[in-house]
Amino acid sequence: MDQQHFKMNTNHALHSPSHGRAKPPKVMKPYLRALAALHSVTCPASMQPKDLEKQRKGQELLGRLISPISGTGFEPFSIGDMNAAWVTPAHGFDRNHAILFCHGGGYTSGTLGYSRLFASRLANTTGYQVLCFEYRLAPENPYPAAVEDAVRAWDYLMYHGFGARDIVLAGDSAGGNLALVLAHRLKRAGRRLPSRMVLVSPWTDMTLSGRSYHDKEMLDPMLSLDYLWAVRSAYAGDADDYANPDLSPLFGDFSGFPPILVQVGSNELLLSDSIRLRDRVIRAGGHCRLEVWRDMFHVFQTFPIKKAAEAVEHIGDFIGEQFY
């Protein structure tokens, strides 16, 4: 396994957005420079209507360029007025368990087609059916719309015979933020929590205060500080407190949380978000396994590369482990 753990000083804070995305440095490998060029189209530093449309169309394009796992089922349906879909393994599946998957996209983009890419990999490696849902997007529908929709998706599973302990709650990027916020909400309401959580490159801190936001900006081919400032503003507006756990779940109470697997690339702006999440969960008495994958980028598990397949296998192994 080609991965490495890091200890970082997390006291560094950024107080203003950067001014324009710097060109990818020469130290970035050629395929990462190409990825950065492609992703610069899908992650603009503006939420103006034309840029937002470009972002959403770009994500749809990525969804078409990368194929889901062959043979997996895809069954769209609706939860009230919210689009949803079951993604099922190619060769039968465990009907007693499910994964609730929260897609990424900075809370401003994301479709069932895009969700299907990673969901098909989860289904194939775990043998579980995966529920995807299209939560309402900012800026048309800012916070708390996405959280309310995540609760609706959770309730759908409960109403259809699943228990909380039958569910794995998963998310990538902003979807990792949403998964954690959902778990915090369930806990505050006195409801049972899922059996496991799987978070891929989660955005846990909307205060953007981690050291990697500064240290990794020239290495991350997928995200920029300008983009994160833009989507934060679109989703949370001029919030009085970006450290509110409903926006930055990193700062919530993790006592009683289920075991969590966090995977992140070593070249990510969001690396600090994952490291500090691991530390806070462990300090609260919980179990959190952090995997930092060397030279990997944001949500690399979606792409057809060897390390992605290895990382998804680790997810399947984690879900199958016995912790209690």
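Predicted model, so just to flag it, every value in this text is computed and none were measured. (Residues numbered from 1 in each chain as written. Predicted model: local features only at pLDDT ≥ 70, side-chain atom pairs only at ≥ 80, totals over all residues. Heavy atoms only, no water.)

Engineer: Can you help me understand the overall build of the protein chain in this one?
Structural biologist: Along the protein chain, the regular secondary structure elements total 9 helices and 8 strands. Across the 324 residues that make up the protein chain, the buried fraction comes to 57%. Contacts in the protein chain between residues at least 24 apart in sequence constitute 79% of all its contacts with a sequence separation of at least 6. In the form shown here, the protein chain has an accessible surface area of approximately 13300 Å², with 51% of it arising from carbon and sulfur atoms. (Helix = DSSP H or I, 4+ residues; strand = E, 2+ residues; numbered from the N terminus. Buried < 20%, exposed > 50% of the residue type's maximum accessible area, 1.4 Å probe, protein only. Contact = heavy atoms within 4.5 Å. Areas by Shrake-Rupley, 256 points an atom, 1.4 Å probe, with all protein chains shown as cover.)

Engineer: Honestly, helix α9 (residues 306–320) in this entry has me stumped. Any pointers?
Structural biologist: Because an α-helix completes one turn every 3.6 residues, residues spaced three or four positions apart along the sequence face the same direction. For α9, built from 15 residues, the straight-helix expectation of 21 Å at 1.5 Å per residue is met to within 8% by its first-to-last C-alpha distance of 22 Å. Listing the buried residues of α9 in full gives K307, A308, A311, V312, H314, I315, G316, F318 and I319. (Expected span 1.5 Å × (residues − 1).)

Engineer: Explain the packing of aromatic side chains to me, please; I cannot follow it from the model alone.
Structural biologist: Here a ring pair, both rings aromatic, is described through the centre-centre distance and the interplanar angle of the planes. In this structure the tally under the stated criterion is 11 aromatic pairs. Between the aromatic rings of Y107 and Y235, the centroid separation amounts to 3.8 Å while the plane-to-plane angle is 5°, which identifies the pairing as stacked. You can see Y107 sitting in the loop between β3 (94–102) and α3 (112–126) and its partner Y235 sitting in helix α7 (residues 225–236), a full 128 residues away along the chain. With a centroid separation of 5.9 Å and an interplanar angle of 50°, the aromatic rings of W293 and F300 are classed as tilted. Like W293, the residue F300 is buried in the burial classification. The structure contains a cluster of three or more aromatic residues connected by ring pairs, namely Y107, F133, Y135, Y143 and Y235. The cationic tip of R232 hangs over the ring face of W229; the distance from NZ or CZ to the ring centre is 4.4 Å. (Phe/Tyr/Trp six-rings, centres within 6.5 Å; stacked < 30°, edge-to-face > 60°. Lys NZ or Arg CZ within 6 Å of the ring centre and 35° of its normal.)

Engineer: What should I look at first to understand the sheet that holds β3 in this one?
Structural biologist: Adjacent strands of a sheet pair through backbone hydrogen bonds, lying either parallel or antiparallel. As summarised here, the arrangement of the 8 strands in space is β1-β2-β4-β3-β5-β6-β7-β8, forming an open sheet in which the pairing is mixed. Edge positions in the sheet fall to β1 (73–79) and β8 (288–293), since each of these pairs with one other strand and no more. Taken over all neighbouring pairs, the strand axes of this sheet differ in orientation by 20° on average, direction set aside. In this sheet, strand β6 (residues 196–200) lies alongside strand β5 (residues 167–172) in parallel orientation, the contact comprising 5 bridges. Across the sheet, residue L169 finds its bridge partner in β6, namely M197. (Pairing = 2+ DSSP bridges. Axes fitted to C-alpha atoms, helices over the stretch in contact; angles between N-to-C directions.)

Engineer: How should α3 be read in this particular structure?
Structural biologist: Under the 1.5 Å per step criterion, the end-to-end length of α3 is 20 Å for 15 residues, consistent within 8% with the ideal 21 Å. The sharpest bend along α3 comes to roughly 35°, located at F118. Burial analysis of α3 places 11 of its 15 residues in the buried class, the great majority of the element. Residues of α3 that are buried include every one of L112, Y114, S115, L117, F118, A119, S120, R121, L122, A123 and T126, and no others. Once α3 finishes, G127 follows within two positions and takes phi at roughly 80°, a positive value. (Bend = angle between axes of the 7 residues up to and from the residue.)

Engineer: I tried to follow the nonpolar core on my own but got confused; where do I start?
Structural biologist: The tendency in soluble globular proteins is for nonpolar side chains to be buried side by side. By size, the foremost hydrophobic cluster in this structure holds 75 residues, and its most contacted members are L100, F133, L178, M197, W203 and Y235. Setting aside chain neighbours within four positions, we find M197 in contact with L169, A179, L180, A183, F257, P258, P259, I260, L261 and F318. A123, C132, A170 and I315 belong to the second-largest nonpolar core, a separate cluster that totals 22 residues. (Core = buried A, V, L, I, M, F, W, Y, C linked by side-chain atoms within 4.5 Å.)

Engineer: Please explain the pattern of salt bridges as it appears in this structure.
Structural biologist: Side-chain pairs of opposite charge can arise where the charged atoms are in close proximity. In total, this model carries 13 salt bridges according to the counting rule given. Put simply, R136 and E148 hold a salt bridge, and the shortest N to O gap is 3.1 Å. Of this pair, R136 sits in the loop between β4 (128–133) and α4 (145–159) while E148 sits in helix α4, and the two are 12 residues apart along the sequence. With its nearest N and O atoms 3.1 Å apart, the salt bridge here joins D149 to R152. Of this pair, D149 and R152 both sit in helix α4, separated by 3 residues, roughly a single helical turn. Given the relative accessible area of 28%, R152 is considered partly exposed. Where salt bridges share partners, they join D81, R136, E148, D149 and R152 into one cluster. (Salt bridge = Lys/Arg side-chain N within 4 Å of Asp/Glu carboxyl O.)

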